[in-house]
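Examination of the molecular architecture
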Amino acid sequence: MNLNDYADADLIDADSLTQVKTQKPPRKALRRALDHLYQTLERRFLQGEPIRTLVFGRTWAMDQILTAAWRHFDWHHEQNIALVAVGGYGRGELLPKSDIDLLLLFDEEADIDVNVDSIQAFLTLMWDLKLDIGHSVRTLEACQEEARGDVTITTNLMESRTLTGNPTLRQRVSGLISQAHIWPSDDFYKAKLNEQTHRHQKYNETEYNLEPNVKAGPGGLRDIQTIAWVAKRHFGDTDLAELVERGFLTDAEYQALIDGQDYLWRIRYALHHFSGREEDRLLFDLQEKVAEQFGYQDREGQLAVEHLMQDYFRQVFKLRALNIMLLQLFDEAILHQNEDDQLIPINTRFQVRNGYIETLHDAVFIRTPSALLEIFVLCAQRPDTKGIRASTIRQIFANRHRINGKFRQDLRNITFFMELLRSPAGVSTNLMRMNQYGILGRYLPEFGLIVGQMQYDLFHVFTVDAHTLLTIRNLRRFRHANNTAEFPIATKVIHQLPKVELAYIAALYHDIGKGRGTDHSVEGAEEVRRFALRHRMTAWESDLVVWLVRNHLLMSTTAQRLDISDPEVINHFTQQVGDIHRLNYLYVLTVADIYATNPNLWNSWRASLLKKLYNEAMSALRRGLENPMDKEERIRDVQSAAMAMLRDGGFTEAEILQLWDNPGGDYFLRESPENIAWHTRAIANHGLNVPLVLIRETDEHSFAGATQIFIYAPDRPHLFADIAACLDSCELDIQDARIMTSSASDFSLDTFIVLDEEGHSIGNNPARLRDVQHRLLLAIQDPEDTATPNRRLSRRLKHFSIPPIITVSNDPANHRTVVEVITSDRPGLLADIGLAFKRLDLRMQSARISTLGERVEDVFFVVDNQNEPLHDSHRVAELQKQLTETIEQGQHP
């Protein structure tokens, strides 16, 4: 690349640069020249000018401006001085807000000493012009010494250009930092590979992040630069095109790299332009602007921004695959070029070379297309191999087109795919490889449609294909005992499945219908039915995977949105499930799915909800669907168990019944025997009808991993609203609320399950527990003193605003009104909803709180001031109106 090829006189305000020579100080003239450059390039960018012209044209013009500024000052010993562009600026890659990396290069220290005033004046001028200058002032010897201890400095100096001054100085530096003196190519390669490994780990080893980093993320610009750096260090290549001549890249691969680089430059240029800063992350608030700039539109049931992100993810996916392939080739050429190959034959098509599976000749996939699937089965059967050799990966890419309709119907290929799913090891690893090399989406075209498909929310942090494969990886993890602590039930249940591959198939298809504008569960069920037919699955197997895909949300929805302490809810759930096999499959699929959706949303509280539902459903299924437990039987069992615990503690039956004071059946239905015994002992010790606040970690028999708060206080209207406001001021998020009133004493027995802002319990923090307890007692007795919540809305939540959807219905069986609220999450939302109920004189009986990323789906059970459900349609309409206005005011304060 020659920057002079991008010289453009229209980018330069010639009059201003002429004035720089004579004007003292030159700041105003330079400012005019910079403003002219910025405005010209901004106009051209918005008009869609090719990105290389914008990037290299900016660099060329900046060279002229900096050179003019440098020459304004007096320099002593000019033959011993040079102004050098290094790093990204040295490569010629200057975007709107990129750092301008400069090296002020001097022959010796004496040359620096006699030019101190000019150095300081030049740098001050750069800062006055508000240029993002990164600078260093060094001698030739200092360059070598600094580079010797830091591979990053070596890399920056490798990419250097002389802007003005003596060009031989830079050439001497290049000699001093060459691999003949420091950082031989093998050490340099290892250091760069280590840098990339750590950088990818920072981004969770995935190209698919909600707000990806275009520069540093996996598959980003830095991955392309890493290839170029290694090639330059080892071969002396100054252009990626030279790798084609060396046989490391094909013409098509080289073009893919260049096209990918151009694409990422366009995105990065837009990010700098719209943010006004060096912003390399595709943030939510910028994604829509970038999509609009590049002409994306809403279509086919997807938002414009989703189309943009799908193109982005597919591009970086391809670039990362090229990066992996090239680095493996470099590894062979740089680290192992003089070593004897270790060969292990496999069959007439494949062998293992130095730990990597490869084809025996270039025509393997041409003569035997089925080998395109066979190779992944072999990888799974030989877990000791490192992977597929780069030269064979290239052959896979070149022969993917052979996977067509005839290929998919071939019994050999069907057998290979099912054999992979049944492999004892390597299932998820090789499905991911198949996806990375473009094989999975061709063998299963319905899967190809979801590759790179994002969902524009905070709940789903991965693209649909990445989430799907992570779900399968989680299912594989459940098979290993070292995951028992985190997934105690799943690691047990997975071994009880008669055919574990059916869980993988259900996982593969559970979200495959997304992006079609219809119910993805229904779409996925039809797709997996066709898969089962093509893969010769039995009727039982087919029915099971179809049912699992169609109902993959059943368990999580039931656990998080319904009252699973109600036997009727359990009975209805088990009727839908039908048998223990389906329950086991559904449980492991649900846990794997949630954890793969967003690891931050998987906490012990959610785990405990699923655990309780699983155990209750298992008991009901063993009892028999024809013999369900009713409420009265459940209440008697709970009372009997709690009474036994209290008797062991020295209470008589008469004392227990007096303390229970007939709180109503709902209390015994919704609380565990352990909690009832805990409450009873505390009330006895504290005094009947005396306000009480108890706090402890939830017990393992009900909901683990959260903090449980029990409040025993005189019942009054709107007690819930005041408690919710207090908990919000304590920066605690309510996960579950059970509100009950003793019919005899008119005392409220309320239980709240809470987590902190990070999704954790309060834990063993006595000072914090005392503070929360103290605040709650004040809120109960003097609600006017309750602090008004004032928690800040996060940047991400600000960007998502879901219009409130309020659904009101009556529950005749439990004599109450059900209010469902769907809207965007924000601090203080629950307290605001409680205040709305307070204004409408409605009493809360219980609530189910469910937060999914930026989206809340909360259910409240309320009655009026006469303990009656709402029958008047005008009151229902007013309730919907008040809630909508309250929520919208909070969204747009």
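Source: prediction; values computed, not measured.

1. Comments concerning the sheet that holds strand 6 (residues 350–353)
Taken in spatial order, the 4 strands make up an open sheet running 5-6-7-8, and their pairing is mixed. Because the sheet does not close on itself, it has two edges, and the strands there are strand 5 (343–345) and strand 8 (387–388). The sheet contact formed by strand 5 and strand 6 spans 3 bridges and is antiparallel. Its bridge partner being in strand 6, I344 is matched across the sheet by V352.

2. Re helix 27 (residues 520–534)
Under the 1.5 Å per step criterion, the end-to-end length of helix 27 is 21 Å for 15 residues, consistent within 8% with the ideal 21 Å. Among the residues making up helix 27, those that are buried are H520, S521, G524, A525, E527, V528, F531, A532 and R534. Residues of helix 27 that are buried in the fold lie against helix 19 (405–409), helix 20 (411–421), helix 22 (440–443), helix 23 (445–448), helix 26 (501–509) and helix 28 (539–550). The backbone nitrogen of S521 has a side-chain oxygen 2.9 Å away, supplied by the residue at the start of helix 27, namely D519. Residue R536 follows helix 27 closely and has a positive phi angle near 55°.

3. Considerations on the environment of V86
Relative to the helices and strands, V86 is located in the loop between strand 1 (81–85) and helix 4 (87–91). By relative accessible area, which is 8% here, V86 ends up buried. Note: C-alpha distance between V86 and L157 (71 residues apart in sequence) is 5.9 Å. Excluding its chain neighbours within four sequence positions, the residues that come into contact with V86 are D101, L102, L103, N156, L157, E159 and S160.

4. Quick notes on the packing of aromatic side chains
A full pass over the atoms with the stated rule returns 23 aromatic pairs. Ring centres 5.6 Å apart and planes at 90° place the aromatic pair F56 and W265 in the edge-to-face group. Placement of the pair is F56 in helix 3 (residues 51–71) and W265 in helix 13 (residues 251–275), with a sequence separation of 209 residues. Each member of the pair, F56 as well as W265, carries the same accessibility label: buried. By way of ring pairs, the aromatic residues F407, F417, Y443, Y509 and F531 are connected into one cluster. In this arrangement the basic side chain of R534 is found over the ring face of Y443, its NZ or CZ atom lying 5.1 Å from the centre. One cation-aromatic arrangement involves R816 over F861; the distance from NZ or CZ to the ring centre is 4.0 Å.

Parameters and conventions
Residues numbered from 1 in each chain as written. Predicted model: local features only at pLDDT ≥ 70, side-chain atom pairs only at ≥ 80, totals over all residues. Heavy atoms only, no water. Pairing = 2+ DSSP bridges. Helix = DSSP H or I, 4+ residues; strand = E, 2+ residues; numbered from the N terminus. Expected span 1.5 Å × (residues − 1). Buried < 20%, exposed > 50% of the residue type's maximum accessible area, 1.4 Å probe, protein only. Contact = heavy atoms within 4.5 Å. Polar contact = N/O pair within 3.5 Å; in protein donor to acceptor, adjacent residues only side chain to side chain. Phe/Tyr/Trp six-rings, centres within 6.5 Å; stacked < 30°, edge-to-face > 60°. Lys NZ or Arg CZ within 6 Å of the ring centre and 35° of its normal.

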